[in-house]
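Understanding the architecture of this molecule
This is what each chain is made of:
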Amino acid sequence: MDKKALAYFKGNNLSYTIWDKKYRYNNESFDNWLQRVSGGDANIKRLISEKKFIFGGRTLRNRGTRDGSLSNCYSRGYVEDNLTDILKANSDIALTFKAQGGQGLSLSKIRPKGTRIGNNFESDGILPFMEMFNTTTESISQGGSRKGALLMSLDAEHKQIMDFITVKSDLKKINKANLSVEINDRFMDAVKRYYDNDETVTYDVTRVYDSGPITYNICPIKIYKKIVEQAYKYAEPGVLFVDEMRNHNLMEFVEDYRIETCNPCGEQPLHPHSSCNLSAINLSAYVNAPFTDNAKVDIPSLLNDLDYIIPAMDDIITENMENHPLPEQRRAARMNRNIGVGFMGIADMLAKLKLTYGSIEANKFLDYLFNMMFVHGVVRDIKLGQERGSFSG
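Residues numbered from 1 in each chain as written. Predicted model: local features only at pLDDT ≥ 70, side-chain atom pairs only at ≥ 80, totals over all residues. Heavy atoms only, no water.

**Considerations on helix 15 (residues 360-388)**
The criterion, for reference: Numbering of helices and strands runs from the N terminus; a helix is a DSSP stretch of H or I covering at least four residues, while a strand is a stretch of E covering at least two. One less than the residue count of a helix, multiplied by 1.5 Å, gives the span that helix is expected to have. The contact criterion used is simple: two residues touch if any of their non-hydrogen atoms lie within 4.5 Å.
Taking 1.5 Å of rise per residue, the 29 residues of helix 15 would be expected to cover 42 Å, and the 41 Å separating its terminal C-alpha atoms lies within 8% of that figure. Tucked inside the fold, the buried residues of helix 15 contact strand 14 (278-282), strand 16 (296-297), helix 12 (299-320), strand 17 (340-344) and helix 14 (346-352). One or two residues past the end of helix 15 sits G389, with phi positive at roughly 95°.

In structure tokens, the structure reads:
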């Protein structure tokens, strides 16, 4: 056992074992691990040592090893309504799993069961392709280090939405993928406005495929209640509020940046083939005089450390450029350079501040804190562009 690592985990054998089995490389010492994952950056090394900051799992495992991608997950976006792209999507997720990344994809463009194909045939719909993607996920682990992670999402207004929502009622089907329903504002507004009317409120949906348009009727309340029922019984499907994702993000007004779906665990809605370059700040570690009447968050220190974290995350993008398994993923990384600096320890922070989680007072404080961090982060990112030059692919 590495004594420094055990001390870092305060003697917790489970934590140590996870580090040893999942993130330690070639039996390296804890000091060497810190040096490797920090990329030799003294400030980042200090922040990890102080438990104030941590990179995502693939960065912790793979940085400096050339063993796989430094990004945990990817979002492929829409699977197009043709066999060529459906099979390519299957290949894409397999190659991404091999490089230790998960995948998210949307089935919303695939025509529903019974829709014409050419002059003589009808489509079998989405379920056979869901089963194919599920089998690929089951068959290929992520670089031998962990099981494949896949998210499949579908438009709530798709004609086969009920098949999608209920497919996991059979526990032997689609058991290697997460499922999420893509809910737009029109659908949700109908649910909120007419919920008590149950199945009496419907509207028509028209979808256009290469064989021509099809029009059908949906009941949003019936669909919504089935989502709730299945989530209660089987913990799935989840939901993605797609209009919120697409219309409230920093790239909202960039014409070429399209959010179609997200990564397997939903942390980051992404442009097609973009990757999750993630990290987390431990907010609990920034509380001075915890559990006292004088407890407060050291905001100046937090914002100062954010100045180190943002360029460190940008460094990961550069280092990882040739580790992405697909050329589309490398291009997306060059063009967009997404980073995701998240948070953990929120509940512990509030407890140290003697604030009740979910209270009005706690929510007001979180609004204030996250606004400070967001504005500071954006300004630091702008300065980073001035220092390193704007990217254009």
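**Here we look at the sheet that holds strand 6 (residues 150-155)**
What counts, and what does not: When DSSP finds two or more bridges between a pair of strands, those strands are recorded as paired. Each axis is a line fitted through C-alpha atoms, and for a helix only the stretch in contact is used; angles between axes span 0 to 180 degrees, taken between their N-to-C directions.
One open sheet holds the 6 strands; their spatial order is 10-7-6-3-2-13, and the pairing between them is mixed. Each edge of the sheet is formed by a strand with only one pairing partner; in this case those strands are strand 10 (238-241) and strand 13 (274-275). Judged from the 5 bridges that link them, strand 6 and strand 7 (residues 178-183) form a sheet pairing that is parallel. In the strand pairing of strand 7, D155 is matched with E182. Here helix 7 (residues 127-139) sits on the sheet and contacts strand 3 (102-106), strand 6 and strand 7; the angle it forms with strand 6, its principal contact strand, is near 165°.

**Examining the layout of surface pockets**
Where we set the bar: Definitions used for this entry: grid spacing 1 Å over protein atoms alone; cavity, a set of points where a 1.4 Å probe fits but cannot get out; pocket, an open set with protein on both sides within 12 Å along at least 5 of 7 lines; lining residue, one with an atom within 4 Å of a point. Grid points are joined across faces, edges and corners, and a volume is the space filled by probe spheres set on the points. Any residue outside Ala, Val, Leu, Ile, Met, Phe, Trp, Tyr, Cys, Pro, Asp, Glu, Lys and Arg is labelled polar, Gly included; the first ten of those are nonpolar and the last four are charged.
Roughly 1600 Å³ of internal volume is contained in the largest pocket. Residue assignment for the lining of the largest pocket shows that the elements contributing at least two residues are strand 1 (53-55), helix 11 (242-247), strand 12 (269-270), strand 14, helix 12, strand 17 and helix 15. Ranked by residues supplied to the lining of the largest pocket, first place goes to helix 15 with 10 residues. Looking at the lining of the largest pocket residue by residue, the class counts come to 24 nonpolar, 15 polar and 6 charged. Here the second largest pocket defines a volume of roughly 340 Å³. Lining the second largest pocket are 14 residues, and of these Y8, F9, W33, I54 and M344 lie nearest its centre. Looking at the lining of the second largest pocket, the elements with two or more residues in it are helix 2 (13-23), strand 1 and helix 5 (57-62). Ranked by residue count, the leading element in the lining of the second largest pocket is helix 2, at 4 residues.

**Examining the packing of aromatic side chains**
To be explicit about the condition: A pair of aromatic rings is counted whenever rings of Phe, Tyr or Trp (Trp by its six-membered ring) have centres within 6.5 Å, and the orientation is called stacked for planes under 30 degrees apart, edge-to-face for over 60 and tilted otherwise. Burial status follows relative accessibility: with a 1.4 Å probe on protein chains alone, a residue under 20% of its type maximum counts as buried, one over 50% as exposed, and anything between as partly exposed.
Summed over the entire model, instances satisfying the criterion amount to 10 aromatic pairs. Centroid distance F53 to F55: 5.0 Å. Interplanar angle 80°. Geometry classified as edge-to-face. Here F53 and F55 have matching classes, each one buried. Of the aromatic side chains, those joined through ring pairs into one cluster are Y8, F9, Y16, W19, F30 and W33.

**Topic: empty space enclosed by the protein**
As enumerated under the stated definition, the model contains 2 cavities of 30 Å³ or more in all. As a volume, the largest cavity reaches approximately 90 Å³. When its residues are assigned to classes, the lining of the largest cavity shows 4 nonpolar, 8 polar and 1 charged. By volume, the second largest cavity is sized at about 30 Å³. Residue lining of the second largest cavity: G56, T59, L70, S71, N72, C276, N277 and L278, and that is the complete set. Among the residues making up the lining of the second largest cavity, the classes are represented as 3 nonpolar, 5 polar and no charged.

**Thoughts on unusual backbone geometry**
Of all residues except glycine, most have a negative phi; of all peptide bonds, most are trans. The amide bond that connects E236 to the next residue, P237, takes the cis arrangement and shows omega of 5°. Among the secondary structure elements, P237 is positioned in the loop between helix 10 (220-234) and strand 10. Phi angles above zero are rare outside glycine, and N26 is one such case at about 55°. Judged by its relative accessible area of 68%, N26 is exposed. Positioned with a positive phi, R66 is a non-glycine residue whose angle comes to about 65°. With respect to the helices and strands, the residue R66 is situated in the loop between helix 5 and strand 2 (73-78).

Just distances and angles here, no functional claims.
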